[in-house]
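Fold and geometry: a report
The lines below spell out each chain.
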Amino acid sequence: MDRIRIVGGEALNGAIPISGAKNAALPLMIASLLTDETLQLHNVPRLADVAQLLRILGNHGVDHGVAGKRPGQTAVTGQSIRLRARDIIDTTAPYELVSKMRASFWVIAPLLARMGEARVSLPGGCAIGTRPVDLLLMALERLGASIDIDGGYAVARAPKGLKGGDIVFPKVTVGGTHTALMAAVLADGTTVIENAAREPEVVDLAQCLTAMGARITGAGTPRIVIDGVARLGGTEHTVLPDRIETGTYAMAVAMTGGDVLLEGARPDLLQNALDTLESAGAEITPTNEGIRVVRNGHGITAVDVTTEPFPGFPTDLQAQFMALMTRARGTSRIRETIFENRFMHVQELARLGARIRLDGDLAYVEGVQRLTGAPVMATDLRASVSLVIAALAAEGETTVNRVYHLDRGFEALEHKLGACGARIERISNS
Ligand code: UD1
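Here goes a summary of the coordinates provided. These numbers come from a predicted model, not from an experiment.

**Here's the deal with the pattern of salt bridges**
One pass over the full model with this rule turns up 21 salt bridges. A salt bridge links aspartate 49 to lysine 22; the nearest nitrogen and oxygen atoms lie 3.6 Å apart. On the criterion of sequence distance, the pair formed by aspartate 49 in helix 2 (residues 48–60) and lysine 22 in helix 1 (residues 22–30) is long-range, its members being 27 residues apart. Lysine 22 matches aspartate 49 in its accessibility class, with the two residues each being buried. Here glutamate 395 makes a salt bridge to arginine 370, at a shortest N to O gap of 2.8 Å. Highlighted residues: glutamate 395 in the loop between helix 12 (381–393) and strand 23 (397–401) and arginine 370 in the loop between strand 21 (362–366) and strand 22 (375–377), separated in sequence by 25 residues. Connected via shared salt-bridge partners are Asp2, Asp407, Glu414 and Arg426.

**Focus: the layout of surface pockets**
The computed volume of the second largest pocket comes to approximately 190 Å³. Lining the second largest pocket we find Met255, Arg295, Gly299, Ile300, Arg327, Ala328, Arg329, Gly367, Val368 and Gln369. Considering only residue class, the lining of the second largest pocket consists of four nonpolar, three polar and three charged.

**Let's talk about the site of the ligand**
Of all residues adjacent to the ligand, which total 21 residues, the nearest are Asp134, Leu135, Thr173, Asp316 and Ile338. Threonine 173 has a polar side-chain atom sitting 2.7 Å from an oxygen atom of the ligand. Here an oxygen atom of the ligand and a backbone polar atom of glycine 175 are 2.7 Å apart. Contact with the protein chains covers 89% of the free accessible surface of the ligand, which is 740 Å². Sorting the residues of the shell around the ligand by element identifies helix 5 (134–142) and helix 6 (174–184) as the ones contributing at least two each.

**Section: the environment of valine 133**
With respect to the element layout, valine 133 can be found in the loop between strand 7 (117–121) and helix 5. Given a relative accessible area of 9%, valine 133 falls into the buried group. Sequence separation of valine 133 and glycine 176 is 43 residues, and the distance between their C-alpha atoms is 7.9 Å. Setting aside anything within four residues of it in sequence, one finds valine 133 in contact with Arg102, Phe105, Leu122 and Pro123.

**Section: the packing of helix 10 (residues 318–325) against helix 12**
At their nearest, the axes of helix 10 and helix 12 sit 8 Å apart, and the two run at 20° to each other. Judged on the interaxial angle alone, helix 12 and helix 10 are roughly parallel. For the pair helix 10 and helix 12, the sense of crossing is right-handed. Packed against helix 10, whose contacting residues are Ala319, Gln320 and Ala323, the element helix 12 presents Arg382, Ala383, Val385, Ser386, Ile389 and Ala390 at the interface. Taken together, the residues of the contact of helix 10 with helix 12 break down into six nonpolar, two polar and one charged.

Reading the values: rules and limits
Residues numbered from 1 in each chain as written. Predicted model: local features only at pLDDT ≥ 70, side-chain atom pairs only at ≥ 80, totals over all residues. Heavy atoms only, no water. Salt bridge = Lys/Arg side-chain N within 4 Å of Asp/Glu carboxyl O. Helix = DSSP H or I, 4+ residues; strand = E, 2+ residues; numbered from the N terminus. Buried < 20%, exposed > 50% of the residue type's maximum accessible area, 1.4 Å probe, protein only. 1 Å grid on protein atoms, 1.4 Å probe; cavity = no way out; pocket = protein on both sides within 12 Å on 5 of 7 lines; lining within 4 Å. Points joined across faces, edges and corners; volume = space filled by probe spheres on them. Nonpolar A, V, L, I, M, F, W, Y, C, P; charged D, E, K, R; others polar. Near = heavy atom within 4 Å. Polar contact = N/O pair within 3.5 Å; in protein donor to acceptor, adjacent residues only side chain to side chain. Areas by Shrake-Rupley, 256 points an atom, 1.4 Å probe, with all protein chains shown as cover. Contact = heavy atoms within 4.5 Å. Axes fitted to C-alpha atoms, helices over the stretch in contact; angles between N-to-C directions. Parallel < 35°, antiparallel > 145°, perpendicular 65-115°, else oblique. Left-handed = near helix turned anticlockwise from the far one by under 90°.

In structure tokens form, the structure reads like this:
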């Protein structure tokens, strides 16, 4: 298993190209199941989760081709993928595949909408708390599907096709909104989604579906209205930049000091996190090329945050922000409201010398003068990158074990940080 070795203490200076968003690429790829024509996606990040989803889609009969590298492209330039689901050969998504990646459960919606049935393994437990799919199934039921749970599988049926309906989500769910959208676009009649997720990745999916022929209004607001159409066609779509990757590197620069341009980043996708970073002492400047992040001289100040659905502070940046706050002046209170048990990184940060006290959904992070390197273990995707951020500012050497979590969500991480002066290397054991 690969490890990442970091020797802390270097400031970051230079430019980091921001990849396409993993959390947009995954539902966009799944949307290819809705049409027998070709969906071509550009700026798809090279990530383990993308490769895994290609395997899952292949099992349903989706052919794919990845465009070769063009002259001038580097390893960190996103790939273009052509997906074609001419015939769906299997409407079952088996446990062995779904259990590796939660988002693959979302295939249930397009399979059901196009084929009238789907049998998808229920995702197992997850390191960041119970993540049920009850609301996703509720949305499908509202569109006329019958749902049975059988042998660990959700079996959804709508032999006469789905019918438009009203879906009111009792809590904001990104996956629920993606699922409802993909089911409703081919349903007969009008669907209204209330309390819809407003995340930029939902807007990206809606834009792609619209280009495929869907009729959708209100994406990006809490009320989305979809007029179902009989069929969708192919299109080309470019995945939006990854706001979580953007915020992660912005926090890394705030942590180490320095001056980095986050190329291709869009400030409107993470304004709340950028404002929080400014309050903590970083200088953030939107430019034509992206976002420039600078911290020179001044230290970091403690700031309180509460995670919320978009446009609030994202839960996917909570662990990284906590890493930053371990070195702040003062005590920061960090409240996690989206996922229970999303504090797995606390114990590992403590191994580097962080002082953090947990009280339910609240973490009190008391800033310390210095962190010191140590062997640590990655527990989930965002937690593992928080350890990288802490290690960049720790004295001495840190080894991050189980980096396959990082490979699921961060494209060419060591390459991008190394190019800005970080002392970071991957140690391959195989
Ligand atoms: C997506 C993101 C993930 C991010 C999360 C919240 C992807 C691939 N993943 O995950 O990175 O952290 O949004 O921004 O895009 N819930 C239920 N019942 C359901 C569904 C969800 O109770 O049927 C709850 C969850 O337990 C959680 C909350 O709703 O407490 C939000 O979860 P949700 O937005 O659905 O997260 P994901 O779509 O799984």
